[in-house]
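Chain residues, written in single-letter form:
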Amino acid sequence: MSTSDHKQYMKRCLSLAEKGVGHVSPNPLVGCVIVNNGTIIAEGYHHAFGEKHAEIDALDTVAGNAGGATLYVNLEPCSIHGKTPPCTDRIIREKIGRVVIGCHDPHPDISGQGIAILRSHGIDVIHPVLEEQSRRMNQFFFKWITNNKPYVTLKMACSKDNYIALPDGSPITLSSQESRHEVHALRSHYDAVLIGKTTALRDNPRLTVRHVTGRNPIRIVLDSHGTLNDYKHLHLMNDEYAHKTWWVVGRPPSFIPQHGKVLHVPLNKAGKIDINQLLATLAQNNISSLLVEGGRHIWDSFIAAGAADHIIVYTSPNKLKKGIPYSSISFLDTIQPKHTMQYRKGPDTVTHYYLRTY
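Residues numbered from 1 in each chain as written. Predicted model: local features only at pLDDT ≥ 70, side-chain atom pairs only at ≥ 80, totals over all residues. Heavy atoms only, no water.

## Focus: the overall build of the protein chain
Moving on, step 1. Helix and strand counts for the protein chain come out as 11 helices and 16 strands.
Moving on, step 2. Relative to a compact globule of 358 residues, whose C-alpha radius of gyration would be 21 Å, the protein chain shows 23 Å and is just as compact.
Moving on, step 3. When the backbone C-alpha atoms are referred to their principal axes, the protein chain occupies close to 70 × 45 × 35 Å.
Moving on, step 4. Look at the contacts in the protein chain between residues 6 or more apart in sequence, and 71% of them connect residues 24 or more apart.
Moving on, step 5. Positive and negative side-chain charges in the protein chain, numbering 39 and 31 respectively, have mean positions lying 5 Å apart. (Helix = DSSP H or I, 4+ residues; strand = E, 2+ residues; numbered from the N terminus. Rg over C-alpha atoms; globule rule 2.2 N^0.38 Å. Contact = heavy atoms within 4.5 Å. Lys, Arg positive; Asp, Glu negative; His and termini not counted. Charge placed at Lys NZ, Arg CZ, Asp CG, Glu CD.)

Laid out in C-alpha cells, this is it:
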C-alpha cells in the first residue's frame, strides 16, 4: 500500500476516535480500521472509559478472519494489563500481518513496548503516520500522562473595547447565540469547567451543556476561604447536577454540601488557592482537561502561574465604552503562542492561542 493509502486510512481512524469525545476520559481517543486487499473489513473505536479498546472493538467483528490484514490505529497499541487485556496480545493472536500507527503512546509502561512486542512476533509495523494530527487528537491525555496535570484552556468573552462586565460588575451577554452554542459544545469536551467564587455568586451559572448534545462536565468553584454557606441558594448546589459540583477550598469549610465534593488545596503566599497544587490535585482525581471560564482574577491567577496551554477569546463587535476591563488582554506581552487561529462565529471573532503542545 502507498503512503497516501496509509494516510487515508489513518484519517478514518481519527474520525472514528472522535466519536469517543466526552466518554473515554481520562483514557485516550482511539479509532481503528482493519484493511484486507484494499478493502475495509472492520472498524472500531474506544466507546467509553473501562470498555474495550478500539483495536478489540474492530477485531471482535472479524474474529478469526483477519489473518494477514493491515490494522490501522492512531495510537500505539497497549501492551499492559489495565481495565482490559493488552491489545498487542489480541493482534498477535488474530495473525494481523501489518500494524500502521499514528503516534507513540506516551505512557511510560507502554511507549515503544507495544511496537517492540508486535515486531518481535514478526508483524510489520509502520509509524508514524499523520503523527501531528494523532498527537493533537490526544493533547488532553498526553498532558495528563506526561505532566500529571490536566490540559488547561482559558475561555473569555469580551466586548470589542476589551470589557467583560458592566462598571458595577454586573454580567452582560456579550457572545452571540452561535458563540454560546460553541461554548456549550466545548464544555462537553472537557472533564471539568472552573470558575471563581465571585462569578458563582454574581452570575449564579449552571455550567451545564444545554444548547447541544453532550456530557456535562464536573463543575469546579475556587473559594480560598471555604465560605460554602454563601452558596446554598445557587444552581451549582441545588440543581440535578449538584453531585457534579466540586468546591475547592484553601481552608476547612464550616459547611459541607449534601452533594458534590469538597477538595482542600493549600493557599499560596498571597492567600489564594495555589494553582499548580490545584492542577496536581485535579489530575489525581482523574481530571485530564480543564476549561477555565473566569472571571478576571481567576484568569490572572492561571496566567501568572504559567498554567495555560490554550486560550480562547470570543470578541463581540459591540463596544461597552466603560466597564470591568479584561485585564489579561496583555497576556501576549509575556506569553508567545506557538500558533494562533481566528475565525468568525456569527458576528463574533474567535481567536485561539495555542501555547504548548504535548
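Read on, since the account is not over.
## Digging into the side chain of Thr351
Moving on, step 1. Mapped onto the elements, Thr351 comes out in strand E16 (residues 348-354).
Moving on, step 2. At 2.7 Å, the side chain of Thr351 forms a polar contact with the side chain of Gln342.
Moving on, step 3. For Thr351, the contacting residues outside a window of four places in its chain are Ile311, Ile312, Val313, Met341 and Gln342. (Polar contact = N/O pair within 3.5 Å; in protein donor to acceptor, adjacent residues only side chain to side chain.)

## Considering the pattern of salt bridges
Moving on, step 1. Scanning all chains against the criterion turns up 15 salt bridges.
Moving on, step 2. In this structure, the salt-bridge partner of Lys52 is Asp60, at a minimum N-O distance of 2.8 Å.
Moving on, step 3. Residues joined by salt bridges that share partners form a network here, namely Lys52, Asp60, Arg90 and Glu94. (Salt bridge = Lys/Arg side-chain N within 4 Å of Asp/Glu carboxyl O.)

## Focus: the sheet that holds strand E1 (residues 31-36)
Moving on, step 1. If you walk across this open sheet you meet the five strands as E2-E1-E3-E4-E5, and the pairing is mixed. The sheet terminates laterally at strand E2 (39-45) and strand E5 (124-126), the two strands that pair on one side only. Recorded for the sheet is a direction-independent mean angle of 20° between the axes of neighbouring strands.
Moving on, step 2. Across six bridges, the pairing between E1 and E2 is antiparallel. Note on E2: the bridge partner recorded for Val35 is Ile40. (Pairing = 2+ DSSP bridges. Axes fitted to C-alpha atoms, helices over the stretch in contact; angles between N-to-C directions.)

## Digging into the sheet that holds strand E13 (residues 310-315)
Moving on, step 1. With mixed pairing, the nine strands of this open sheet are ordered in space as E11-E10-E9-E8-E12-E6-E13-E16-E15. Either end of the sheet is taken by a strand with one partner, and the two such strands are strand E11 (261-264) and strand E15 (339-345). The sheet shows a mean angle of 20° between the axes of neighbouring strands, direction not considered.
Moving on, step 2. Note that strand E6 (residues 151-158) and E13 share six bridges and pair parallel. From the neighbouring strand, Leu154 faces E13, where its bridge partner is Ile311.
Moving on, step 3. Across the sheet, helix H10 (residues 275-284) touches E6, strand E8 (192-196), strand E9 (218-223), strand E10 (245-249), E11 and strand E12 (289-294), and the angle it forms with E9 is around 150°.

## What about the layout of surface pockets?
Rolled over the atoms, a probe with the dimensions of a water molecule shows which regions are left empty.
Moving on, step 1. Its volume calculated, the largest pocket comes out at about 1400 Å³.
Moving on, step 2. Around the largest pocket, the lining is made up of 46 residues, and of these Thr199, Arg202, Asp203, Glu293 and Gly295 lie nearest the centre.
Moving on, step 3. The dominant element in the lining of the largest pocket, judged by the number of residues it contributes, is helix H8 (residues 197-203), at five residues.
Moving on, step 4. Tallied by class, residues from the lining of the largest pocket come to 17 nonpolar, 16 polar and 13 charged.
Moving on, step 5. Taken as a whole, the second largest pocket encloses approximately 1100 Å³ of empty space.
Moving on, step 6. Considering the residues around the second largest pocket, the lining is formed by 40 residues, among which Arg136, Met137, Asn138, Gln139 and Phe140 are closest to the centre.
Moving on, step 7. If you list the elements that add at least two residues to the lining of the second largest pocket, you get helix H5 (131-137), helix H6 (139-147), helix H7 (177-189), E13, E15 and E16. (1 Å grid on protein atoms, 1.4 Å probe; cavity = no way out; pocket = protein on both sides within 12 Å on 5 of 7 lines; lining within 4 Å. Points joined across faces, edges and corners; volume = space filled by probe spheres on them. Nonpolar A, V, L, I, M, F, W, Y, C, P; charged D, E, K, R; others polar.)

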